[in-house]
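The chain contents come next:
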Amino acid sequence: MASTAGRRPYEGRWDGLWLLGPLLLFLALLLGFPAVANLVYSLSEVRFTGLWSPRWVGLDNYATVLADPAFWGAVGFSARFAIVVTAAQLLLGFALVLALDPLIAKRRWLMAFLLLPMMVSPALLGVMYRLMLNDFVGVIPQYLQLVGFSGNLLDADWAFTTVAVIEVLQWTPFAFLALLTAYQAIPGELVEAARIDGAGSWAVFRRITLPLMVPALAITGFIRFIDSFRVFDHIYVLTGGGPGTLTQSLSIYIYRTFFQQERIGPAVAASMLLLLASIVVLRLLMAQMLRGSRG
Amino acid sequence: MTRLVAGLRWVVFLLAVLILNIPVIVTLLTSLKTTLDINAYPPVWLFAPTLEHYATVLTDPALDFPRYLMNSTVIALGGTVLALGLGVPAAYAMAKLGKGTTTILPVVTNLRALPLVIFAIPFYLLYQALGLLDTRLGLALISCIINLPLALILLVGFLQDLPQEIEEAARVDGASTFAVLRHIVLPLARPVLVAVAILSFIYSWNEFLFGLILSTRNAVPVTVGATFFITSWGVKWGATAAAMMLSVLPPLLLGLVSYRYLGRAMLAGAVKG
Amino acid sequence: MTNILRKTLLAGLALSAFSSAAMAGEVTLLFWPGPESEAMQKVLDAYNAGPGKADGITVKQLLFSRQGYFEKEQADLAAGSSEFDLALVTTYTLGRYAPYLDPIDAQVPAEAKAAFAPVSLQSLTLDGKLYGVPTDISVHFLYYRKDLVDRLLSDTEWQKRYAAIAKEKLGREMQPKAPDDWSWDDWIAAALFFSTADNPDSPTRFGTVLQMKNLIFNIMLWQATLVSNGGDWLGADGKPAIDGPAARTGLQVYKTLIDAKATPPGSISYEYPEANAAFQAGQAATMLQWNAAFNELNDPAKSPTVAGKVGLAPLPAGSAGHKSHVHSLGIGLNKASKNKGDAGKVVAWLATKDAMTVYAQAGGTPPVPEILKAMASARPEFPLVGDFVDRYGFVVTGGTAAYAVPVYEVLAEKFSAFWAGQIDLDTALKQAAEGMAERIKG
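Owing to the predicted nature of the structure, the values given are computational and were not obtained by experimental measurement.

Engineer: Outline the overall build of chain B, listing residues and values.
Structural biologist: Secondary structure summary: chain B contains 14 helices and 2 strands in total. Per-residue burial for chain B yields a buried fraction of 56% across its 273 residues. At a minimum sequence separation of 6, the contacts of chain B that also span at least 24 residues come to 79%.

Structural data, given as C-alpha cells:
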C-alpha cells in the first residue's frame, strides 16, 4: 500500500511545488540564516562581543570538543539516560496497556487523568521537585523515611535514578497512549480465530499481539529516545548537572559551554556532532522501518 | 473471578494515576497552603486552604499574568495552525506522491535531535533585524518550527495508510489534487489533525528557552512568567505553585476535550504489516 | 566571515530594523524580580515623584526572569539592544558585561563615592573604572543558635563531651569559645558536638548545614576558607594558585564535616533555600550563610522555631584572620542606550544617601555604613553588615574579570565532585587549576 516514487498519471504538473513549496520556503526563510550562522560559528572562534565577526579556525572547535572528556561524559550520560528511560517507559506503558485496556475501552474519559503529567512544563516541574525532594519540608523524603530509606535522592548514588524516575513519570503517558492505540487496532478476528484454535492467553500474546505491536513500540521508542537524549530542563534546575558532572546531559554541556563559558564555537560544534550522529542513526532506522512496512 | 480481575484493574488504574501525577497533586496542594504550612517540618497534609497565592499571582503589579496566559495561547495556537497549514500539504506530497521522503523528511526529523540552545543567538539576531523580537508572531513561528518534525512524522504515517480506493475514484472522475486534498483527505484525516494540533499546542505551551530569549515585555509567555517568583533569596513556593496550576489549565482543558482523537491517530502507520 | 553572515541575512526579508524608540524622559531599568526589585520600585517611585519630576524623567523597571537571567541579558547586550538604559550588574558578571557598559565615574563623583564602603565600590570596578552604583551588598555570616551555644559555654557536662569529641575526632582536647573567636577548627568541633552522629544527646540533629551544590554561589561562600588561610585565586605571578595549601585546607573543612555527618547528607545538592530550611527547622546548630537570610530567620511569623535565637558572628578565622567574600548588586549604564543623558542623571541620584535610605527602608542592603548604622533598630543585622564588610570583606583577584563566572563554574564543578566523593582531593585541585588556567587564557 506504500506509495511509490514517480508521478502518477493524473498528478498535476505543479503538485509537488505547491504542496511542498510553502514548507520549503518557510524553512529556507526562517532556518536559512540560523543554519548558516551556526555552521559558520562551528568553524570559528566567536565571542559575544563580536557576534557579527567570527574568526575562522577550521575544524579546531570539533577537535576541542572531541578531545574534551566532559563532552564524552555528557554523551555517555545522555545515552544511558535515554536508553534507561525509554526502556522503562515502553515497559511500563505496555504493562499499563495490558492491564487497563478493558477498563479504558469502556470509559474513555479516564484517559485524561493518565495524560495529565505531560501537560506540565518540564522547567516548572523541575522547580516543584526541588520543593518535593527537600530533606525537611518535602513530601517525598518524608514517605521514603517511612519505608526505612534515609539516603539523599540527589547525591552521587541516587542522582541518576532520581532524574530518570522524574522523566519516566512525566512521559510514560505518551508511551501508554501510543501503545494503547496500536493495541486497540489489533483486529479482534485474529484473536478470535486463534482462541478457537485453542491457543491460550500467553500464546495469543506471543504470536499475535507482540508481533503486531513491534512497529508501534519502535516508533514510540524512537520518538522518546530522541526527546530524552535532549533532556535539559528538569535536570538543570534540580542538580545543575551535578554532583560534579554526574548528571550533565549533552544539552546541559552545550548550554553551559555556550552561555556560561562563552565558548560559542565549541558549543555549536558539539551540536553539529550530535546532528551528524542523529542523521546516521535516523538513516539506519528509516531503512529498517521502510523495509518492515513493505513486508 | 472476573469481578476480582476487574477490581484489580481499577486498583492498578488508581495507583497509576496517583503515582504519575504526584507532582501535579503536590503542586495543587502547595498552591493552597499558607507559606507557613509550606515550610512546616514535617510536612502537613491537613491544613486550612487559602487562595492568597492565586490572588498574588493574578494581581501582582510587577507582572501581568493574564497577559502571559493570553500570549501563550496566541503563540501556541498560531504555531499550531501554521504547522498544520504547512505540514498537511507537505505530508500529502510525501505520503501519496512520494516526493521528499528521502530528503526533506529526514532533514526535518533530524531537527528534533538538536538542542535548541544553539539557535537562540542566531534567531535573536535574525529577529532583531526583522523586527520580530518580542512579538507573538515571532514566537509563533518558532513554535511552528519546533512542532514541524513531530507533525510531519505523524501526518505522513497516517496519510500513508489512507485507503487508495476513495482517492482513486475521485481522480478517475477528474478531480484535481487540490480537490482531493480538500474534500476527501482532510475530512478523513480529522483524527490525526486534531492529534497533531493538541500535541503541538502542548509542546508550544511548554517551551521555555525561546520564550525567555526572544521576548522582553510584550510577548512573554506563561512558562517564563511563572518563574517570576524565583528570586535570589529563595522561591516563593505558594505563588509559583499557583502560577503553575494556572498555566496547566489551558492545555489540560484542551486535552480533556479532545483526548479521543489523540489515541486513534497516533500510530496509524505502524500497525500494518 | 562578516560578509557571509551579513549577505545571508540580507538575502532574507530585511524589513525595517527594529528600533526601540526611547521617548525622551523615559528611562528603563533592567532588573530581576524579587525582594530587590520590590525595594527598588520604592526608590524609583520616590525619584519619579521628586527629582524625576523636576528633570522631566520617569523611570520604569523591566523585569527579566531570574531563571536564565544572565543568558538573556548576555544575548540582549551582545546584540546591542536598547530596550533598557540601566541594567542590573553584579560583581561576578562585571567583566562579562563591561564591554557593553559605560563607566559611571562621571556621574558618581568622589564625594558621592565617599559614602559607600570602599570594598563595595571595588567590587564593581574593573580596570580602574566604576561600572555600577552598588545598591546591595552581600556578605557572609556565621549563623548560630544563641541559646544552644550559650548553654555550651556554661554547661560543664557539655564542655566535657565537647572536649572528648574534639580529642577523638580532631586529635586534641578543645574548650568551647565564643563564636566571634572561632577558628575553622573551633567551628568543626562545635559542629561535631551538635550532631547526633557524634553526640547522641545533641539538641540538634546536625551541627551545621553546608551548601555543596554545583553552583557558583556556593564557591563564593566557601572561598572564605581559602582566603582566610592566606590563599587567593591567583598567585603574585598571576598564575592560578587554587591548588595551594590554603585551598587544600579549605576543601577539607567541608569534607570533614560531610564525612562526619555533621551536615545533612543532602547538602551535596543544597543551595541557599535548602540550607535555610534546615536551620529554620531547628535541625542545624550553625550555618555559613548569606546576610539576606537573617531577616527571615529572625521573623517569628516565618521562623517560629528559631526566631530570637539567631546569633551572628564573622566566618571562622584562618591563619589570616576572619575573612568574608563580598559582592555587590549594582546599577550600570547600557552603552547602547538611546537616552544616556537622562539615564546618567538617574544614576547620579541613585548614588545619593537619599536614594539609598529609601532603598534600605524598603528592604535592601545598601553598602553605605552611615545608613546601615542608623537602621540598627529596624534591622539588627545592618551594623554587623557594615562592620564585617569593612573589616573582613574581600574580592578575590579576578573576581570582576570577564573570566570570573567561567572560573567559578569550573571550581564549582570540581569541588562539588570532590565533596560528593566522586574524585579525590589531588585530582580536584589539579583539574581546578588546569581549568582555571584555560578559562583565564580563553
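Engineer: Summarise the overall build of chain A; cite the residues concerned and give the values.
Structural biologist: Secondary structure assignment for chain A yields 12 helices and 2 strands. When its helices and strands are written in sequence order, chain A yields α-β-β-α-α-α-α-α-α-α-α-α-α-α. Based on the C-alpha atoms only, the size of chain A along its principal axes is roughly 75 × 70 × 30 Å. By the burial criterion, 50% of the 295 residues in chain A qualify as buried.

Engineer: A description of the environment of Ala197(C) should follow, citing residues and the corresponding values.
Structural biologist: Residue and element names in this part refer to chain C. Positionally, Ala-197 belongs in the loop between helix 10 (184–193) and strand 9 (206–209). Given 14 C-beta atoms within 10 Å, Ala-197 falls into the partly exposed group. Filtering out sequence-adjacent residues up to four positions away, Ala-197 remains in contact with Ala-260, Lys-261 and Ala-262.

Engineer: Quick one: what's the story with the interface of chain A and chain B, residue by residue and with numbers?
Structural biologist: The partner chain B presents 81 residues to the 88 residues of chain A that form the contact. Of the residues that constitute the side of chain A that touches chain B, the class distribution is 67 nonpolar, 16 polar and 5 charged.

Engineer: For the interface of chain B and chain C, give the residues involved together with the corresponding values.
Structural biologist: Taken residue by residue, the interface counts 26 residues in chain B and 29 residues in chain C. For the side of chain B that touches chain C, the elements supplying multiple residues, two or more each, are helix 7 (120–130), helix 12 (209–213), strand 1 (230–231) and strand 2 (234–235) of chain B. Here the side of chain B that touches chain C takes 8 residues from helix 7 of chain B, the largest share from any one element. Classifying every residue of the side of chain B that touches chain C by side-chain character gives 17 nonpolar, 8 polar and 1 charged.

Engineer: Please set out the packing of helix 10 of chain C against helix 12 (residues 245–259) of chain C residue by residue, giving values where relevant.
Structural biologist: Residues and elements named next belong to chain C. In contact at an axis separation of 11 Å, helix 10 and helix 12 are set at 10° when each is read in the N-to-C sense. With respect to each other, helix 10 and helix 12 are oriented roughly parallel. Between helix 10, through Trp-184, Ile-188 and Ala-191, and helix 12, the contact on the second element is made entirely by Val-253, Thr-256 and Leu-257. Taken together, the residues of the contact of helix 10 with helix 12 break down into 5 nonpolar, 1 polar and no charged.

Engineer: Mind laying out the sheet that holds strand 10 (residues 284–290) of chain C, listing which residues take part and the relevant values?
Structural biologist: Residue and element names in this part refer to chain C. Read from one edge of the open sheet, 4 strands run 9-10-8-11, paired in mixed fashion. Pairing within the sheet leaves two strands with one partner each, and these edge strands are strand 9 and strand 11 (310–313). Shown here is a sheet whose adjacent strand axes are inclined to one another by a mean of 20°, direction ignored. Strand direction decides the pairing type here: strand 8 (residues 140–145) and strand 10, joined by 5 bridges, are antiparallel. Following the sheet pairing, His-140 is matched in strand 10 by Trp-290. Sitting on the sheet, helix 8 (residues 146–154) is in contact with strand 8, strand 10 and strand 11, with an inclination near 70° to strand 8.

Engineer: Please set out helix 9 (residues 156–170) of chain C residue by residue, giving values where relevant.
Structural biologist: All names here are of chain C. Its 15 residues give helix 9 an end-to-end C-alpha distance of 20 Å, which sits within 8% of 21 Å, the value for a rise of 1.5 Å per residue. Listing the buried residues of helix 9 in full gives Trp-158, Tyr-162, Ile-165 and Ala-166. One side of helix 9 holds all its buried residues, which, seen down the axis, span an arc of 100°. Facing away from the buried side of helix 9 by more than 90 degrees, the exposed set consists of Thr-156, Glu-157, Lys-160 and Glu-168. Contacts from the buried residues of helix 9 go to helix 8 and helix 10. One or two positions beyond helix 9, positive phi appears at Gly-171, with a value near 85°.

Engineer: Give me the lowdown on the confidence of the model for chain A, citing residues and values where you can.
Structural biologist: Put simply, chain A has an average pLDDT of 85, and 93% of its residues get 70 or more. Throughout residues 1–5 of chain A the model reports pLDDT below 50, and contacts reaching past four residues in sequence, or to other chains, amount to 11 contacts.

Engineer: So what's going on with the nonpolar core? Residues and values would help.
Structural biologist: Within the largest apolar cluster, 342 residues are counted, with the highest numbers of intra-cluster contacts made by Leu179(A), Leu155(B), Leu86(C) and Val347(C). Broken down by element, this core gets its largest block of residues, 17 residues, from helix 8 (residues 136–160) of chain B.

Engineer: Explain the environment of Ala193(A) residue by residue, including any values.
Structural biologist: As for its placement among the helices and strands, Ala193(A) is situated in helix 8 (residues 188–196). Separated by 91 residues in sequence, Ala193(A) and Leu284(A) place their C-alpha atoms 36 Å apart.

Engineer: Provide a residue-level description of the pairing of strand 10 of chain C, including the pertinent values.
Structural biologist: Residue and element names in this part refer to chain C. In terms of residue burial, strand 10 counts as a mostly covered element, since 7 of its 7 residues are buried. As paired elements, strand 9 and strand 10 share 3 bridges and run parallel to each other. Bridged to Val-209 within strand 10 is Met-287.

Engineer: How would you summarise the confidence of the model for chain B if you had to cite specific residues and measurements?
Structural biologist: All names here are of chain B. For chain B, the average pLDDT comes to 85, and 94% of its residues sit at 70 or higher. Contacts from residues 265–273, a stretch scored under 50 in pLDDT, to residues over four places away or in other chains number 36 contacts. Here the predicted complex scores 0.87 on pTM and 0.83 on ipTM.

Engineer: I'd like to hear about the packing of helix 7 (residues 159–184) of chain A against helix 9 (residues 201–229) of chain A, residue by residue, with values.
Structural biologist: Residues and elements named next belong to chain A. With their axes 9 Å apart at the nearest point, helix 7 and helix 9 run at an angle of 155° to one another. With respect to helix 9, the axis of helix 7 lies roughly antiparallel. For the element pair helix 7 and helix 9, the recorded crossing hand is right-handed. Of the residues in helix 9, those in contact with Glu-167, Trp-171, Phe-174, Ala-175, Ala-178, Leu-179, Ala-182 and Tyr-183 of helix 7 are Met-213, Ala-216, Leu-217, Thr-220, Arg-224 and Ser-228. Tallied by class, residues from the contact of helix 7 with helix 9 come to 10 nonpolar, 2 polar and 2 charged.

Engineer: Lay out unusual backbone geometry in plain terms, naming residues and giving numbers.
Structural biologist: A positive phi angle, close to 60°, is found at Asp134(B), a residue other than glycine. Residue placement: Asp134(B) occurs in the loop between helix 7 and helix 8. Among the residues examined, Asp134(B) registers 20 C-beta atoms within 10 Å and is labelled buried. Positioned with a positive phi, Lys261(C) is a non-glycine residue whose angle comes to about 60°. Along the chain, Lys261(C) turns up in the loop between helix 12 and helix 13 (272–280).

Engineer: I'd like to hear about helix 9 of chain A, residue by residue, with values.
Structural biologist: For helix 9 of chain A, with 29 residues, the first-to-last C-alpha span of 36 Å runs short of the 42 Å given by 1.5 Å per residue. Largest kink in helix 9 of chain A: about 40°, centred on Leu210(A), with the proline Pro211(A) one to four residues after it.

Engineer: Tell me about the environment of Met375(C), and please be specific about residues and values.
Structural biologist: Residues and elements named next belong to chain C. Relative to the helices and strands, Met-375 is located in the loop between helix 17 (369–374) and helix 18 (382–392). Using a count of 17 C-beta atoms within 10 Å as the deciding quantity, one classes Met-375 as partly exposed. When residues no more than four places from it in sequence are discounted, the contact partners of Met-375 are Ala-360 and Phe-382.

Conventions we followed
Residues numbered from 1 in each chain as written. Chains lettered and ligands numbered in written order. Predicted model: local features only at pLDDT ≥ 70, side-chain atom pairs only at ≥ 80, totals over all residues. Helix = DSSP H or I, 4+ residues; strand = E, 2+ residues; numbered from the N terminus. Buried ≥ 20, exposed ≤ 12 C-beta atoms within 10 Å, placed from the backbone. Contact = placed C-beta atoms within 7 Å. Nonpolar A, V, L, I, M, F, W, Y, C, P; charged D, E, K, R; others polar. Axes fitted to C-alpha atoms, helices over the stretch in contact; angles between N-to-C directions. Parallel < 35°, antiparallel > 145°, perpendicular 65-115°, else oblique. Pairing = 2+ DSSP bridges. Expected span 1.5 Å × (residues − 1). Arc of directions from axis to C-beta. pLDDT = per-residue confidence, 0-100. Core = buried A, V, L, I, M, F, W, Y, C linked by C-beta atoms within 7 Å. Left-handed = near helix turned anticlockwise from the far one by under 90°. Bend = angle between axes of the 7 residues up to and from the residue.

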